[in-house]
Amino acid sequence: MDPLVVLDRVNKHFGEQHVLKDISLTVSRGEVVVVIGPSGSGKSTLCRTINRLETIDSGSITIDGRALPAEGAALARLRADVGMVFQSFNLFAHKTVLQNVTLGQTVVRRRSAADATRRAMELLDRVGVANQAGKMPAQLSGGQQQRVAIARALAMDPQVMLFDEPTSALDPEMIAEVLDVMEGLADDGMTMLVVTHEMGFARKAADRVVFMADGEIVEEAAPDAFFDRPTSSRAKEFLSKVLAH
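In this text the structure is predicted, and so the values were computed from the model without any measurement.

Peer 1: Explain the nonpolar core here, please?
Peer 2: In summary, soluble globular proteins display a tendency toward joint burial of nonpolar side chains. By size, the foremost hydrophobic cluster in this structure holds 50 residues, and its most contacted members are Ile36, Ile150, Met161, Phe163, Met182, Met192 and Phe226. If one sorts the elements of this core by residue count, helix H6 (residues 172-187) sits on top with eight residues. Dropping the residues within four chain positions of it, Met182 is found in contact with Ile150, Phe163, Pro166, Met192, Val194 and Phe201. Listed in part, the 28 residues of the second largest apolar core include Val27, Val35, Ile61 and Val210.

Peer 1: Would you take a moment to explain the sheet that holds strand S2 (residues 17-28) for this structure?
Peer 2: Whether parallel or antiparallel, the strands of a sheet pair through hydrogen bonds between backbone atoms. Reading across the sheet, the four strands line up as S2-S1-S4-S5 and stay open at both edges, with antiparallel pairing between neighbours. Looking at strand neighbours, the two that pair on one side only are S2 and strand S5 (66-67), the edges of this open sheet. Relative to S2, strand S1 (residues 3-14) runs antiparallel, the two sharing eight bridges. Each residue of the ladder has a partner; that of Val6, found in S2, is Thr26.

Peer 1: Can you walk me through the UniProt feature "domain: ABC transporter" (unreviewed entry) in the chain in this structure?
Peer 2: UniProt's entry tags residues 5-239 with the feature "domain: ABC transporter" (unreviewed entry), counted in the numbering of this structure. Helix makes up 39% of residues 5-239 and strand 26%. Its end C-alpha atoms lie 27 Å apart.

Peer 1: Would you take a moment to explain the environment of Pro69 for this structure?
Peer 2: By the secondary structure assignment, Pro69 is in the loop between S5 and helix H2 (72-81). Expressed as a C-alpha distance, the spacing of Pro69 and Ser58, which sit eleven residues apart in the sequence, is 15 Å. Setting aside residues no more than four positions away along its own chain, Pro69 makes contact with Arg52, Ala74, Leu75 and Leu78.

Peer 1: Help me out: how do you make sense of unusual backbone geometry in this one?
Peer 2: Leaving glycine aside, a negative phi is the common case for residues, and trans is the common case for peptide bonds. One non-glycine residue, Arg9, lies in the positive phi region at around 50°. Here Arg9 lies in strand S1. Overall, the relative accessible area of 53% leaves Arg9 in the exposed class. With a phi angle near 60°, Asn90 is a residue other than glycine that sits in the positive phi range. Relative to the helices and strands, Asn90 is located in the loop between strand S6 (82-85) and helix H3 (97-107).

Peer 1: Explain the pairing of S1 to me, please; I cannot follow it from the model alone.
Peer 2: In the case of a regular strand, side chains alternate between the two sheet surfaces. Connecting S1 to the next strand, S2, in antiparallel fashion are two residues, including Gly15 with a positive phi near 65°. Sheet topology places S1 next to strand S4 (residues 58-63); five bridges connect them, and they run antiparallel. Within the sheet, the bridge partner assigned to Val6 lies in S4 and is Thr62.

Peer 1: What is the right way to read the packing of H3 against helix H4 (residues 113-126) from this model?
Peer 2: Between two packed helices, both the angle of their axes relative to each other and the distance between the axes serve to describe the pair. H4 packs onto H3 with a crossing angle of 125° between their chain directions and a minimal axis gap of 9 Å. Put simply, H3 runs oblique to H4. The handedness of the crossing between H3 and H4 comes out as right-handed. For the pair H3 and H4, contact is made by Val97, Leu98, Val101, Thr102, Gln105 and Thr106 and by Ala113, Asp115, Ala116, Thr117, Arg119, Ala120, Met121 and Leu124, respectively.

What counts as what
Numbering of residues starts from 1 in every chain and runs along the sequence as written. The model is predicted, so local features are restricted to residues of pLDDT at least 70 and side-chain atom pairs to those at 80 or more, both for listing and for counting; the totals for chains, interfaces and linings are taken over all residues. Hydrogens are left out, water is left out, and the side-chain values use all remaining heavy atoms of the structure. Buried Ala, Val, Leu, Ile, Met, Phe, Trp, Tyr and Cys residues that are joined via side-chain atoms within 4.5 Å together make up what is termed a nonpolar core. For every residue, the accessible area obtained with a 1.4 Å probe (protein chains only) is divided by the maximum for its type, and the residue is called buried under 20%, exposed over 50%, and partly exposed between those limits. The helix and strand labels rest on DSSP assignments: H or I over at least four residues marks a helix, E over at least two residues marks a strand, and numbering proceeds from the N terminus. Whether two residues are in contact is decided by their heavy atoms, any of which lying within 4.5 Å being enough. Here, any two strands with at least 2 DSSP bridges between them count as paired. UniProt positions are given in the numbering used here, feature names are shortened, and annotations may be inferred rather than shown by experiment. Fitted lines through C-alpha atoms serve as axes, helices being fitted only where they are in contact, and the angles separating the N-to-C directions of these axes extend from 0 to 180 degrees. If an angle is under 35 degrees, it is roughly parallel; if it is over 145, roughly antiparallel; if it lies from 65 to 115, roughly perpendicular; otherwise it is oblique. When the near helix sits turned anticlockwise from the far one by under a right angle, the crossing is termed left-handed; a clockwise turn instead gives a right-handed crossing.

Below you can see the structure in the form of C-alpha cells.
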C-alpha cells in the first residue's frame, strides 16, 4: 500500500456543532474509497477538508507526504493535484465547454494554448461530450455539465480525484452516464474518494466503503463485506433503509 491521502485525528466544528470527530483515514494510491452515510454525518465536510475548502480545527492532513498549505501559490498547486467535482458542477457560465477545460491548464499548469486544447479535447472525448466543446454550459444537460466538470478536473493531471455527491443534482436518467465515467476512471487506476448515495456504484467500483454517522467513521470494509455483513447496528439500520427502495 502506498499512502497518498492521510487524515490523522482530524476535528472540525461549525460553531457548537462538532462535524468531524477524530477522523483518521488513509487513501492509498490507486484506491477507490467510497464514503456513505446519512445526511449530516460529515461526509461532504470530510471531502472538502482534503483540498482545504474547509479548514480543520485539529489533527493533520497530508497529500503525498506533504501537509496542506494554508494559502497562496502552494495551495493553488495543491488544488491542481487534488481534483474536485461538486454536486453543482461549478462551471464558468460565461465560457465555452472547451474554455472551461483549458483555463486551469494554461493559468496553473502553464501549458501552451495548443497543448491545453489538445488535452481538453482528448478528455472531452473520453467523457463523451467532445461534440459539445463550442457550447456554453447552459446549453448542456446536467449530466453533460457534470461530465465536463470531470474533464476539467482531469485536465490538471491530479493525483487524486474527490467527488462530493456528484450525481445528487441530476435527473435519474443522467446519473448513469456520470457514474459510467467515474467507473471508467476507477478501472484506469485513478485514486478517488467519492461521497455518494449511489449504493450500486459503491458496491461495483469501490475498493473500500467507509460508513460515517454523526461525524465519525463507524465502519469500513470491502464492499461485499460491508453490504452483505455490516457489523455495526448503525450501518445495519442505514442499509435497511436505503436498500429497501
